[in-house]
Amino acid sequence: MSNKAKIVTILQQATEPVSGEQLAETVGVSRTMIWKYVQSLIEEGYRIEAVKKKGYVLQEMSSKITQHALDGYLKTNTFARHLHALDSCTSTQKVANELILNGQAPHGLLVVSELQTEGKGRLNRPWASTEGKGLWTTWVVRPNLLPHEAPPITLVVALALAIAIERVTSVKVDIKWPNDLLIGGYKTAGILTELQATPDKIEAILIGIGINVLQTKEDFVDPLTSRATSLQLASEKPINRTELLAEIAGELEKAIDKYELQGFRPFMSEWEKRSTMIGKQVTATTVRETIQGIALGINEHGALLVDTGDGVRALFSGDVTLSGKLDS
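Residues numbered from 1 in each chain as written. Predicted model: local features only at pLDDT ≥ 70, side-chain atom pairs only at ≥ 80, totals over all residues. Heavy atoms only, no water.

The name given to the chain in an unreviewed UniProt entry is Bifunctional ligase/repressor BirA, and the organism recorded there is Tetzosporium hominis. A UniProt comment under Function (unreviewed entry) is attached to the chain, and it reads "Acts both as a biotin--[acetyl-CoA-carboxylase] ligase and a repressor." If you open the UniProt record of the chain and go to Sequence similarities (unreviewed entry), you find "Belongs to the biotin--protein ligase family." (UniProt positions renumbered as here; feature names shortened; annotations may be inferred.)

### Observations concerning the overall build of the chain
Looking only at helices and strands, the chain features nine helices and 14 strands. Here the C-alpha radius of gyration of the chain, 22 Å, is about what a compact globule of 328 residues would show, namely 20 Å. Expressed along its principal axes, the backbone C-alpha trace of the chain runs to roughly 80 × 45 × 35 Å. For the chain, buried positions account for 48% of its 328 residues. A separation of at least 24 residues holds for 62% of the contacts in the chain among residues at least 6 apart in sequence. Carbon and sulfur atoms provide 49% of the accessible area of the chain, an area that totals close to 16,200 Å². Distance between charge centroids for the chain: 3 Å, based on 35 positive and 38 negative side chains. (Helix = DSSP H or I, 4+ residues; strand = E, 2+ residues; numbered from the N terminus. Rg over C-alpha atoms; globule rule 2.2 N^0.38 Å. Buried < 20%, exposed > 50% of the residue type's maximum accessible area, 1.4 Å probe, protein only. Contact = heavy atoms within 4.5 Å. Areas by Shrake-Rupley, 256 points an atom, 1.4 Å probe, with all protein chains shown as cover. Lys, Arg positive; Asp, Glu negative; His and termini not counted. Charge placed at Lys NZ, Arg CZ, Asp CG, Glu CD.)

### Focus: the sheet that holds strand S8 (residues 186–198)
Pairing within the open sheet is mixed, and its seven strands lie in the order S3-S4-S5-S9-S8-S7-S6. The open sheet terminates on both sides in strands that have one partner only, identified here as strand S3 (83–86) and strand S6 (174–176). Averaged over all pairs of adjacent strands, the angle between strand axes in this sheet comes to 20°, irrespective of strand direction. Here S6 runs beside strand S7 (residues 180–183); their pairing, made up of three bridges, is antiparallel. (Pairing = 2+ DSSP bridges. Axes fitted to C-alpha atoms, helices over the stretch in contact; angles between N-to-C directions.)

### Here we look at the pairing of S3
Relative to strand S4 (residues 109–113), S3 is paired through four bridges, and the arrangement is parallel. The residue of S4 that forms the bridge with His-84 is Val-111.

### As for the sheet that holds strand S10 (residues 281–285)
Taken in spatial order, the five strands make up an open sheet running S13-S12-S11-S10-S14, and their pairing is antiparallel. Sheet topology places strand S13 (312–315) and strand S14 (319–322) at the edges, where each strand pairs with a single neighbour. Looking at each pair of strands side by side, their axes are set apart by 45° on average, direction ignored. In terms of strand pairing, strand S12 (residues 304–307) meets S13 through four bridges, oriented antiparallel. When the bridges of S13 are listed, Leu-304 appears paired with Leu-315.

### Description of the nonpolar core
Residues Trp-139 and Ile-211 are the most contacted members of the largest nonpolar core, which totals 64 residues. In terms of residues, this core owes the most to one element, helix H6 (residues 153–169), which gives 12 residues. Counting residues domain by domain, this core receives three or more from each of domain 2 (67–273) and domain 3 (277–322). Ranked by size, the runner-up nonpolar core spans 16 residues in total, among them Ile-7, Val-8, Ala-24 and Tyr-46. (Core = buried A, V, L, I, M, F, W, Y, C linked by side-chain atoms within 4.5 Å. Domains from an automatic or database assignment.)

### Description of the pairing of strand S1 (residues 47–51)
As defined by bridge partners, S1 adjoins strand S2 (residues 55–60) across five bridges and the pair is classed as antiparallel. Looking at the pairing, Val-51 lines up with Gly-55 of S2. Between S1 and S2, which pair antiparallel one after the other, the connecting turn spans three residues, and Lys-53 there sits at a positive phi close to 65°.

### Quick word on the packing of aromatic side chains
Overall, the coordinates contain two aromatic pairs when judged by the stated rule. Plain terms: the ring middles of Phe-264 and Phe-267 are 6.2 Å apart, the flat faces sit at 15° to each other, and that makes the pair stacked. For the residue pair Phe-264 and Phe-267, the accessibility class agrees, reading buried in each case. One Lys or Arg, Arg-227, reaches over the ring of Tyr-186 and ends 4.6 Å from the middle of that ring. The ring of Phe-267 has Lys-258 sitting right over it, with the charged end atom 5.2 Å from the ring centre. (Phe/Tyr/Trp six-rings, centres within 6.5 Å; stacked < 30°, edge-to-face > 60°. Lys NZ or Arg CZ within 6 Å of the ring centre and 35° of its normal.)

Here it is as structure tokens:
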């Protein structure tokens, strides 16, 4: 835990003002450094009052995602232990790519931005990234896998994300193959994965995750977002974005480690239980054709199995919707 995280934790738990001398002794730094840390915290959005002759009082937590705030919740070894936080960017995927090129992207790196001006989802669809109301992130993962083992990663991430969100919100989360999370039929999160690899080695997987967290009904009046919801709307309670992000980090780390060791089979049953499509009539549009049939499940490679009546097709990519339904 960083020194600033220690100071925030101490002030959170305090029932009365905490003197600079007390903080210095507990944290193990000088009173001058405590003053500098407190000023830095104030600049990051924390409301900290200095009560004359008594000490510091934390009036309000910062809403921004910071490393020291995350450290207070994290239980991971590597995931989110390196944070690249921004107020604004074109997209976190682009930033993560730049960090990789510059040799600044270790395994588990998290890129997060309060606002994305060019956020994209799968099939290059626009993603509305409302400032300060979501989690717009990219995770850099460097797994010990061969390139042909990468496709199920998106499904592994979707399951981990659903579990983390449910733990924080107590709201049931469903998965739409291959990369969307739904609550009550409304989209609340999406995943975009990019593979960087040589023929025999994965250099990195960029896992882009966008989650609607704090939006209100007024944020979803645009036709592009009318089939969307937020975690706050669905749960009817305020959501701590930092706590949620730390929970996601923990689930992602466990899931990726498990996939490296055991493959996709251990995930299949739970994934299918959360699927919005299994056993239903679907329409799948690929770059070459459109097919219809009954979604039977997924295989060990993450492909969606569809019974067309003329046989079972394994779909590795495409846009799949329930027949007669608009894509959510």
